[in-house]
Amino acid sequence: MSTDDGHDDGYFGEDVAGRYDADTSEEFDPGVVRRTVDFLADQAGGGRALELAIGTGRIAVPLAERGVPVAGIDMSRAMVARLRAKPGGRDIPVTIGDIATTAAEGYAAGTADGNGDRDGNGEGDDGGYALAYLVFNTVMNLATQESQVACFRNAAAHLRPGGRFVVEVMVPELRKIPHGQNVVPFHTGPDGCSYTVYDTVTQDATCHYVTVTEDGRGQVTSTPFRYVWPAELDLIAQLAGMRLRERWADWSREPFTQDSTRHVSVWEKEAV
């Protein structure tokens, strides 16, 4: 969706941004947010953090309140406007751009010298961020394998050696697909229904949301994504110079098993 100045907010324009924080899904539960922030603050280890797809600051704002210096990258100005309207939100630097290719403002990704001086001003900054993170299935919004690889490389370019990249994403729900079909519903109710159409050959998929408006009419929006397997993400991380450090079923560090519906994975950037 384009704004008046021609900028493309992607699939997270004003219509989505305006209702995003009113979401009632589990990820917005205060307890889940607290556990997420606890996990990320521990991974940051006192260093700086970069959130890819920072959005409205659901995680960035409470993480910054914990004393972790946070910056962000996001394509949607509409979402970032909500972040900046929150207490403390204006103090979080955000760069508008594609998370697969954009360097955080004031941080020349990929240009570090051996002394950790990223911006050429002679002031070492320990070689980069201690933590980069991408939550709430957003890695799948990068709808091609090439863009997912580019995102991991972009995250790694921002990290100092030993820095960590954390991704939260669902495990593909292919076991829910009946034989001979390709549709998985994930919400039904008086307010509408939502379902995903899968292509198991290309790993392409599209979420369709049918919302019943106040006047009783139906409004349909669709979002494409590319589902990705945990082992595939490990290979993508290796291409970016990172290795799996740990993998959990959730932010509480429950063990990841064959029945887990999502995973929180941590990759570590290898020393140069």
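Conventions we followed
- Residues numbered from 1 in each chain as written.
- Predicted model: local features only at pLDDT ≥ 70, side-chain atom pairs only at ≥ 80, totals over all residues.
- Heavy atoms only, no water.
- Helix = DSSP H or I, 4+ residues; strand = E, 2+ residues; numbered from the N terminus.
- Pairing = 2+ DSSP bridges.
- Axes fitted to C-alpha atoms, helices over the stretch in contact; angles between N-to-C directions.
- Contact = heavy atoms within 4.5 Å.
- 1 Å grid on protein atoms, 1.4 Å probe; cavity = no way out; pocket = protein on both sides within 12 Å on 5 of 7 lines; lining within 4 Å.
- Points joined across faces, edges and corners; volume = space filled by probe spheres on them.
- Nonpolar A, V, L, I, M, F, W, Y, C, P; charged D, E, K, R; others polar.
- Buried < 20%, exposed > 50% of the residue type's maximum accessible area, 1.4 Å probe, protein only.
- Phe/Tyr/Trp six-rings, centres within 6.5 Å; stacked < 30°, edge-to-face > 60°.
- Lys NZ or Arg CZ within 6 Å of the ring centre and 35° of its normal.
- Polar contact = N/O pair within 3.5 Å; in protein donor to acceptor, adjacent residues only side chain to side chain.
- Expected span 1.5 Å × (residues − 1).

A. Main features of unusual backbone geometry. The phi dihedral of Ala-53 is positive, around 65°, even though this residue is not glycine. Locating Ala-53 in the fold gives a position in the loop between strand 1 (49–52) and helix 3 (60–65). With phi around 70°, Gln-203 is a residue other than glycine that occupies positive phi space. Inspection of the secondary structure assignment puts Gln-203 in the loop between strand 7 (192–198) and strand 8 (204–212).

B. Spotlight on the sheet that holds strand 5 (residues 159–170). Pairing is mixed in the open sheet, where seven strands are placed in the order 3-2-1-4-5-11-10. Each having just a single partner strand, strand 3 (94–96) and strand 10 (242–248) make up the two edges of the open sheet. Averaged over all pairs of adjacent strands, the angle between strand axes in this sheet comes to 20°, irrespective of strand direction. Running over the sheet, helix 4 (residues 77–84) touches strand 2 (70–74) and strand 3 and is turned about 165° from strand 3. This element, helix 6 (residues 230–239), spans strand 5, strand 10 and strand 11 (262–269) of the sheet and lies at about 150° to strand 10.

C. Looking closely at the sheet that holds strand 9 (residues 218–226). Spatial strand order, 6-7-8-9: four strands in an open sheet with antiparallel pairing. Each of the sheet's edge strands pairs with one partner strand only, and the pair in question is strand 6 (183–189) and strand 9. Within the sheet, the average angular offset between the axes of one strand and its neighbour, ignoring direction, is 15°.

D. The arrangement of the layout of surface pockets in detail. In this model, the second largest pocket occupies a volume close to 250 Å³. Lining the second largest pocket are 13 residues, with Val-171, Pro-172, Arg-175, Gln-258 and Ser-260 sitting closest to its centre. Among the residues forming the lining of the second largest pocket, the class breakdown is five nonpolar, four polar and four charged.

E. The arrangement of the environment of Ala-60 in detail. With respect to the helices, strands and loops of the structure, Ala-60 is situated in helix 3. Here Ala-60 falls in the buried class, since its relative accessible area comes to 0%. In this structure the C-alpha to C-alpha distance between Ala-60 and Ile-92, which are 32 residues apart in sequence, comes to 8.1 Å. Aside from chain neighbours lying at most four places away, what touches Ala-60 is Glu-51, Ile-54, Val-70, Ile-92 and Tyr-133.

F. Structural context of the packing of aromatic side chains. Taken as a whole and judged by the stated rule, the model has eight aromatic pairs. Ring geometry for Phe-152 versus Phe-165: centroids 4.9 Å apart, planes at 80°, classification edge-to-face. Within this pair, whereas Phe-152 is found in helix 5 (residues 145–158), its partner Phe-165 is found in strand 5, the two being separated by 13 residues in sequence. For Phe-152, a relative accessible area of 0% corresponds to the buried category. Relative accessible area serves as the criterion here: at 0%, Phe-165 is assigned to the buried category. Ring centres of Phe-165 and Trp-267 lie 6.3 Å apart, and the angle between their planes is 40°; this geometry places the pair in the tilted category. Separated by 102 residues along the polypeptide, Phe-165 in strand 5 and Trp-267 in strand 11 bring together distant segments of the chain. Comparing Phe-165 with Trp-267, the two get one shared label, buried. An aromatic cluster is built from Tyr-198, Phe-225, Tyr-227 and Trp-229, whose rings are joined through pairwise contacts. In this structure, Arg-48 is placed above the aromatic ring of Tyr-129, and the distance from its NZ or CZ to the ring centre is 4.4 Å.

G. Up close: the side chain of Arg-226. Along the chain, the position of Arg-226 falls in strand 9. A polar contact of 2.8 Å, which involves the side chain of Arg-226, links it to the side chain of Gln-148. One polar contact links Arg-226 to Glu-232, side chain to side chain, over a distance of 2.9 Å. Not counting residues up to four positions away in its chain, the partners in contact with Arg-226 are Met-140, Leu-142, Ala-143, Thr-144, Gln-145, Gln-148, Thr-202, Gln-203 and Glu-232.

H. A look at helix 6. Turning to helix 6, its buried residues are Pro-230, Glu-232, Leu-233, Asp-234, Ile-236 and Ala-237. Looking at the buried residues of helix 6, the elements they touch are helix 5, strand 5, strand 9, strand 10 and strand 11. Backbone geometry just downstream of helix 6 places Gly-241 in the positive-phi region, at approximately 80°.

I. Here's a closer look at helix 2 (residues 30–44). Across its 15 residues, helix 2 extends 21 Å between first and last C-alpha, which sits within 8% of the 21 Å expected from 1.5 Å per residue. Where helix 2 is concerned, the buried positions are Gly-31, Val-32, Val-33, Thr-36, Val-37, Phe-39, Leu-40, Ala-41, Gln-43 and Ala-44. Packed against the buried residues of helix 2 are helix 3, strand 4 (129–134), strand 5, strand 10 and strand 11. Put simply, Asp-29 is the residue that caps the front of helix 2, since its side-chain oxygen is 2.8 Å from the backbone nitrogen of Gly-31. Looking one or two residues past helix 2, Gly-45 carries a phi angle of roughly 60°, positive in sign.

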